[in-house]
Amino acid sequence: SALNTDGEWTKEMVDATGFGPGVNGSFWMSTEDLVQHSSGVEFARSFGPEWKKVTQYAHFRQGTLLATAKTDYSANDEHEISF
């Protein structure tokens, strides 16, 4: 929580983020929690006084992530897999 009542903010985390106690509308969330608890992100940033803007939209896939190999691969070590 923003008040750190559960002690989840270590000194290293506070130093790295510049986080301070209190409620000011800002918060930090792990990437894992962001993906689990939201469907995507939208980001916009303006640059300079001429208000040029860059916008990025992205949505997280739901369900199991799958990959398809483009070529065959033979394992070279017992810790690798062939496909």
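Small disclaimer: the values here were computed from a predicted structure and weren't measured. (Residues numbered from 1 in each chain as written. Predicted model: local features only at pLDDT ≥ 70, side-chain atom pairs only at ≥ 80, totals over all residues. Heavy atoms only, no water.)

Student: What exactly am I supposed to notice about the pattern of salt bridges here?
Tutor: Where side chains of opposite charge bring their charged atoms close, a pairing between them can arise. This model, assessed by the stated rule, comprises 1 salt bridge. Where Lys11 meets Asp15, a salt bridge forms, and the shortest distance between an N and an O atom there is 2.7 Å. Linking Lys11 with Asp15, this pair stays in helix α1 (residues 11–17), spanning 4 residues, or about one helical turn. Exposure class is identical for Lys11 and Asp15. Each is exposed. (Salt bridge = Lys/Arg side-chain N within 4 Å of Asp/Glu carboxyl O. Helix = DSSP H or I, 4+ residues; strand = E, 2+ residues; numbered from the N terminus. Buried < 20%, exposed > 50% of the residue type's maximum accessible area, 1.4 Å probe, protein only.)

Student: Just to check I follow, could you spell out the environment of Val14 for this structure?
Tutor: Considering the arrangement of structural elements, one finds Val14 in helix α1. In this view, Val14 contacts Trp9 and Phe19; residues no more than four positions away in its chain are not counted. (Contact = heavy atoms within 4.5 Å.)

Student: Whenever I open this one, the environment of Ala58 confuses me. Can you help?
Tutor: Here Ala58 is to be found in strand β2 (residues 52–59). For Ala58, a relative accessible area of 30% translates into the label partly exposed. Sequence separation of Ala58 and Ser39 is 19 residues, and the distance between their C-alpha atoms is 8.7 Å. Residues contacting Ala58, with those up to four places away along its chain left out, are Gly40 and Val41.

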